[in-house]
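Observations on the three-dimensional arrangement
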Amino acid sequence: MNKNLLYPIFCLLLLCCWTTGQTQDGSSLPSREDADAKAKVQFNGLGRTILNNTSIDGALLDTDTTTARRLSDGEFLLDVAINAQPNDNTEVQGILRLRNEFGGFFGAGVTVEIRELWARGLIANTVRYRVGDFDHVMTPYTLFLANEEGTVNEPEVFRPQKDVIDYEQFYTDNNSRRLQGAKLDFGLAFPVILREMKAEGFVARIRPTDFFTTPNRFVGGGTLDFSTRSLRDSVGLQADFGVNLSSVWDDLKTGNTTSGITNQVISLDFAVHLFENEQINVQVLGEVGSSKLDLREEEKTTFTEDDTFLEAGVAVDLKASKLRLSATYLDVGPDFFSIAAQSKRVAFNRNKTFYNRIGNERRLRMPTLFDLGRDRALYNFQLSEDLMAYDPRYGNVMPYGKATANRTGLQFGAVYGDDSSIFDAELGVALLKEIRGQGTFELKDFLQVRLAADVHLNKILDWDKATKITLGLQQEQTNRDGVEVEQVDLSSTLLEIGLEAELFSRFDLLLGAKMLSAEGRDYIPLIDAFNNIEDFPAAFVADDQETMIGAGLRYRFKDDVYLTVQFQQFSLERALDPTNDYDLQQVFAQYVMKF
């Protein structure tokens, strides 16, 4: 970008900030008229600086004469959000991004772009609307962004770089997806039986046309959520249920192509409160639905595939004990397909930003815990028409979340603790099995155990300074019987442990470690364009050990402003190929300011 453009842009921003924060007479207290104007236009945003030094070493590098031993990178970034309210029923916002890569001088490496743009408002005090960028989530089977692999309960020392990934990819805590289009919602209240009904609809374009062979692709749908009044006051009987529709389709009238897909998922979710008092709450909850995938050629359907899913279970809240127990039956058909729910966060087949190829033969380096914790290039928020690749070492039981097809079995869960507890924990166990064999009549059995726990040492020892230990564990086992060529026996264990200790006021010590071990073999099929098994390559064989440790200091100027300096060490050991073992180290400083 031409450096001469930066000066007027910064002058404009400074002028806007100055005119918003000062009155004509120079007073810091605005007049009534200026106060009203100030409330209509506001500025906020995020500033971030990252300086990073990464190095590589190990047995693989002993004979490697082509790989650089050390890389440096970084960025200086400012996102300025301009929020305006032209009237009481309308709000618009745009985020202007200014970014300069580390090492860029006099405008080199500088980019200026619009990160976000939307408008929302209220129609007739009844219907809310939003156009432009928005986040949306439905259910785990219709429209949902499942959590990424490689973490259970992330130690705080690894969170700064992961927070950057979440921010850049628009990830949220409620598993919503970032879309661009329009949505609206409204509600109705009822005097008897039903308490309320909430309706929501949306449409967004997820792929633009090239006006030749690629048509526009859209995603749309909606929900109707109903909530009943108490059906029996003596036991607290009450029900919530909803109808959900998610659809992805190609508009064949855009471009010259004659073929496209349509993928629809419809479901009914429910939560029935059977009994509730001051000590206990018992619920029956779940979701049932179906999916359909069509291939259209010149407005005619030439291929159709459909299947169903069912999730039903019971949950019990023991209020006095701060404990929630659940048991669920799960059955997701082998041909179930949901583009909006099965598209993953991690794209394992993407090129990595750092050391993508190593060794004299320039071999492609597979993603590791190190990359999953820092490399934004591996992450994705777009929808994929094909089932995305996955690494069975990190997640083989449900690589696409609950929407993983060809699974049936039981899930058990337990959650303990609240804000006053000295520790809180969450345990999940899945005992699943394939419904249809892949290349054989033998079926795989799956076991997954996930445990996350936080121990608040300051509450135990009655300290004023916040001190917390975090623990995370995932154990997976995959087995299949049969003759030797059919047999599968793959196990993996991911362990996380972290310490966050406030040494002085707002000055924290951060320590953490992540360890992954994987051993055994499995067969990972190649999937064609319609998610059918195309072929089975050679068996996936693993005997790997990954270890990552981190240590750092953090100073919190305010709750949303901090500086951290850290060192991290990663090592990969392969018992089957020790000559390709390697180590990675990084030292980085990260400053984040939200305003």
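As a starting point, this report considers the structure included with it. (Residues numbered from 1 in each chain as written. Predicted model: local features only at pLDDT ≥ 70, side-chain atom pairs only at ≥ 80, totals over all residues. Heavy atoms only, no water.)

Looking only at helices and strands, the protein features six helices and 26 strands. The C-alpha atoms of the protein give 26 Å as radius of gyration, which agrees with the globular expectation for 595 residues (25 Å, within 12%). A principal-axis box enclosing the C-alpha atoms of the protein has dimensions of 85 × 75 × 70 Å. Within the protein, the fraction of its 595 residues that count as buried is 45%. Looking at the protein alone, contacts between residues at least 24 apart form 64% of all its contacts between residues at least 6 apart. As displayed, the protein has an accessible area near 29,600 Å², and 57% of this comes from carbon and sulfur atoms. The positive charge centre, built from 61 side chains, and the negative charge centre, built from 88, are 4 Å apart in the protein. (Helix = DSSP H or I, 4+ residues; strand = E, 2+ residues; numbered from the N terminus. Rg over C-alpha atoms; globule rule 2.2 N^0.38 Å. Buried < 20%, exposed > 50% of the residue type's maximum accessible area, 1.4 Å probe, protein only. Contact = heavy atoms within 4.5 Å. Areas by Shrake-Rupley, 256 points an atom, 1.4 Å probe, with all protein chains shown as cover. Lys, Arg positive; Asp, Glu negative; His and termini not counted. Charge placed at Lys NZ, Arg CZ, Asp CG, Glu CD.)

At N175, a residue that is not glycine, the phi angle is positive and equals roughly 65°. Counting through the fold element by element, N175 comes out in the loop between α3 (159-168) and β6 (177-189). Here the phi dihedral of N406 falls at roughly 65°; this positive angle occurs in a residue that is not glycine. Structurally, N406 is set in the loop between α5 (369-372) and β16 (407-416).

The probe, sized like a water molecule, is rolled over the atoms to show the empty space still left. For the structure on display, the rule yields one cavity of 30 Å³ or more. Estimated volume of the largest cavity: approximately 50 Å³. Surrounding the largest cavity, A146, N147, E148, E149, A341, Q342, S343, K344, R345, P399, Y400 and G401 form its lining. (1 Å grid on protein atoms, 1.4 Å probe; cavity = no way out; pocket = protein on both sides within 12 Å on 5 of 7 lines; lining within 4 Å. Points joined across faces, edges and corners; volume = space filled by probe spheres on them.)

Turning to the packing of aromatic side chains, a few remarks are in order. Summed over the entire model, instances satisfying the criterion amount to 15 aromatic pairs. Here F348 and Y394 contribute two aromatic rings whose centre-to-centre distance is 6.2 Å and whose plane-to-plane angle is 15°, an arrangement assigned as stacked. Residue F348 is located in the loop between α4 (339-342) and β14 (357-358), and its partner Y394 is located in the loop between α5 and β16; the two are separated by 46 residues in the primary sequence. Y394 carries the same exposure label as F348, and that label is buried. Arranged with centres 6.4 Å apart and planes meeting at 50°, the rings of F570 and Y582 form a pair that is tilted. Here Y582 lies in strand β26 (residues 582-594) and F570 lies in strand β25 (residues 561-574), a separation of 12 residues in the sequence. Classification of F570 as buried rests on a relative accessible area of 0%. Of the residues examined, Y582 reaches a relative accessible area of 1% and is grouped as buried. Taken together, the aromatic side chains of Y141, F309 and F336 make up a single cluster linked through ring pairs. Its guanidinium or amino end placed over the ring of Y171, R345 lies 4.3 Å from that ring's centre, counting from NZ or CZ. The cationic tip of R374 hangs over the ring face of F354; the distance from NZ or CZ to the ring centre is 3.7 Å. (Phe/Tyr/Trp six-rings, centres within 6.5 Å; stacked < 30°, edge-to-face > 60°. Lys NZ or Arg CZ within 6 Å of the ring centre and 35° of its normal.)

Quick look at the side chain of T328 now. Mapping T328 onto the fold places it in strand β13 (residues 323-332). In this structure T328 comes out as buried when scored by relative accessible area, which is 16%. Leaving out residues up to four positions away in the same chain, T328 has contacts with E311, A312, G313, G409, L410 and Q411.

Topologically, T151 is positioned in the loop between β5 (127-136) and α3. Classification of T151 as buried rests on a relative accessible area of 13%. Only 3.3 Å separates the side chain of T151 from the side chain of E154, close enough to count as a polar contact. Looking at T151, its side chain comes within polar contact range of the side chain of E496, at 3.2 Å. Sequence-distant contacts of T151, that is, excluding residues within four places in its chain, are made with K162, R450, L494, E496 and K514. (Polar contact = N/O pair within 3.5 Å; in protein donor to acceptor, adjacent residues only side chain to side chain.)

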